[in-house]
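# Reading the structure
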Amino acid sequence: MTRKGQATIFIILGIVILIGAGLLVYLRSDDVDRSIETEFPTEVTHAGQQELRSYMDTCLRDAAYNGLEIVRLQAGHIDFPPGTSTVRLANDADEKIVFEDGIKKVILQPDAQNEMAYWFDSNNKLAIPSQAYVENSLAEYIEDSIALCVDNFDSFRQQNYDITLGNVDVTVELSDEVLVKVDYPITFERGDVSFDEKEFILRIDVPLRDALEIATDLTLAEYYGKYLERDVKYLISLYQYSGGEKSSYDLPPLSHTVANADCSIVTWQTDEANTLLQTNLASNIRYLTVNGFGDNAPFAESDIAQGVYEGLTHDLVSKPYAGVLIDFLFEQNNDFSMDISPKLGTEIKPDIHRATNLRFLPMFCNVRYRFKYDLKFPLFPKQTFTLSNAINIEGKTLERERVYEFISPLGVFVCGNQERDCTGSPDESFTLDEDALGFALPQETLFCEDDNQRSQPMKITVVDKVSQELLDNIPLSYRCGRTEDDCLLGSTQNGVYEGKLPLCVNGQLYALKQGYAESYSLLTTEKGETVKDVRYEIFPLQPYEVDIKIVDLPIYMFNYMRTNGYTEAYCEEEFRVEDSFDPQGDELFTLVSAKEGASEIAFAYPPDPEQEPFTIDLAPGAYSFIYYVQGSKIIADGSLEGQTFSLNNGGLSDYIYPAYPGVGTSFGDEILDHSKITFYVPLESTSRNENLLNVHRLIQDDESVKYTRQYDHDCDPLTPIISRTLTLTKEQMHTLFKPTLE
């Protein structure tokens, strides 16, 4: 190859590299900083014409970019119509709307907040800015802004131009881009030079139209479906107090009942409940998910947790949009209003109902936590367009480095637990006799509407677990997580229920029928056409004869201590557990109730002779029995500061014997092979005499039992007597004193 040929090749390669480098620089600059200039329909033909066009381009871009950002920051508005409900919100870009030089503009200011318009507020006022409204508002703003910016073209008049101006007419069209057309007849004359300009066009690639469409779908879904109120009530039900000690996150329940023997209750202060609910919403509203627009729920390791997150997932947007994410924002103390009833002053407390059909029953209480919430606060649906440009308000450019966001506030409104309504209790044309049915009808919600029955066809066969007979006319219900989503499906026909169910992961199928135990069966429903067969077995309640053994806890603990748990003889003497039973226990009034279990239990012992044979109804399942004991006792006279006084006037007095609170246990199918149950009720003392000024507590607050005693541990009179402490944990007590079957 000749040197001349080689030189030619190098020249060509150099040109290619130069063109490639130039193209790369152009592409990069286009991706980072897209400065859009105004389009003009004709070529520049006269001196001064390009200067005029540059001048108009600057004014038009400044007006359009400011107008678009104002619309974005104020949720579709340039100026708010009279009566518009607004709320303040900060933005990450520190953009602040100000009134400057006779018109609104956007500036950068740290910690900037702006007023935003509610699209649907907490007073049920619906105000959706239409696309035509936004286009007209932008057009009017751009028109006014251009008029101020050109300032009658005084800078050109100072250059001896004679200028004739027509009327400014601006139109804005929202499509895949924002198209701004300005019809502004302008004639410039100087000497023998004359030229006209009339049409100016600016295209801005931001997804305002799509943002308005999506925001409209989210708003109408709330208007018709009330999904925000349902989700808020869902979160309250998930975190509501459900018995036992109140945790740091427990909310006042929508509905919950506790049975106890001492009428103890849990209360909240109004400020405490307010803080708890706001903290809960701040932590959990972010998991609200719109199908197809992101998955805000974290990875769930269990089906139950996954079902909870799926309960916060909704179909809200009518068509797909590429690269769009939707989140819901909650700001604590931002227009937040809450009230809970019933309450006394600032204390939120439950109702206490005392039974009257048993002796001493005023001490047996049903505590009903049924609170009504009144709530008003904003939630902020935020759209993030990951594939679109954002406006750089300082440089008047479009940038890919920042995403385009649009927020359209919605007001949550709950009134007495009702969703966006304050009608009070609904009128009913008829009332079913629930006592005759033997169960309480579940409350229906939108979850149970016919439109939500979208599962595959179900064939549910209900069978008596013992006899294996088909059970006819059994009302079936299906619950999905929260108490509101509880559907009464219907009754079995010839032992079978057929139909579709709402979609739910790990829902609970159950029947509550008189004479049968409560029985819940996990059932996940799915879409499909194949019939799914489900066999649901329920246990009939069986009668069991009852016996009560009162245990003298000090005697039991002492014998337990010196026999190594009743496994060894002590000083060649045998001690049996039965030695701790108090034969006078029949003289005491003992109340036993089941706080939890397959059947409701509440009975007094000894029974009324007229009710013999005395039985209770049981079935396999888990139970939590609680005890209450009352009887007569002689209270010893006391002495205080040298003065003697009588606490019971020298005679017998009614006395509540400190009893072990109760035990939890489970019975399997083996319970069907027995006909009698014996309860063991440990008392701190069974003595009929008591010195209240010298009482030693054995039962601790954590339900363990602690007993200290000095005794001869080795049966050797020559060795010293020792002091020993024996502690039985709550778990040990529940094992040692669980009821037995015979």
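Definitions and cut-offs
- Residues numbered from 1 in each chain as written.
- Predicted model: local features only at pLDDT ≥ 70, side-chain atom pairs only at ≥ 80, totals over all residues.
- Heavy atoms only, no water.
- Core = buried A, V, L, I, M, F, W, Y, C linked by side-chain atoms within 4.5 Å.
- Buried < 20%, exposed > 50% of the residue type's maximum accessible area, 1.4 Å probe, protein only.
- Helix = DSSP H or I, 4+ residues; strand = E, 2+ residues; numbered from the N terminus.
- Contact = heavy atoms within 4.5 Å.
- Phe/Tyr/Trp six-rings, centres within 6.5 Å; stacked < 30°, edge-to-face > 60°.
- Salt bridge = Lys/Arg side-chain N within 4 Å of Asp/Glu carboxyl O.

Next up on the list: the nonpolar core. Grouped together as the largest cluster of nonpolar side chains are 108 residues, with contacts concentrated most on I142, F153, V180, Y184, L208 and L375. The greatest single-element share of this core, amounting to 11 residues, is contributed by helix α2 (residues 49-73). Setting aside chain neighbours within four positions, we find V180 in contact with L60, A64, I142, V170, T171, V172, F200, I201 and L202. In this structure, A517, I550, Y570 and Y711 belong to the second largest nonpolar core, which totals 55 residues.

Evaluated as defined, the whole model comprises 37 aromatic pairs. Plain terms: the ring middles of F156 and F188 are 5.2 Å apart, the flat faces sit at 70° to each other, and that makes the pair edge-to-face. Within this pair, whereas F156 is found in helix α4 (residues 154-157), its partner F188 is found in strand β7 (residues 178-190), the two being separated by 32 residues in sequence. The same class applies to F156 as to F188, namely buried. Taken together, the ring pairs connect Y55, F153, F156, Y161, Y184, F188 and F195 into an aromatic cluster.

Let us look at the pattern of salt bridges. Proximity of charged atoms lets side chains of opposite charge pair with each other. Under the counting rule described, the total for this entry stands at 25 salt bridges. Close ionic contact of K396 with D62 constitutes a salt bridge, the shortest N to O distance being 3.5 Å. Of this pair, K396 sits in the loop between β20 (390-392) and β21 (397-399) while D62 is found in helix α2, placing the two residues 334 residues apart along the sequence. Under the relative-accessibility criterion, K396 is labelled buried at 16%. With a shortest N-O distance of 2.8 Å, R420 and E229 are connected by a salt bridge. Taken together, the positions of R420 in the loop between β24 (418-419) and α9 (434-437) and E229 in helix α6 (residues 227-238) put the pair 191 residues apart, joining distant regions of the chain.

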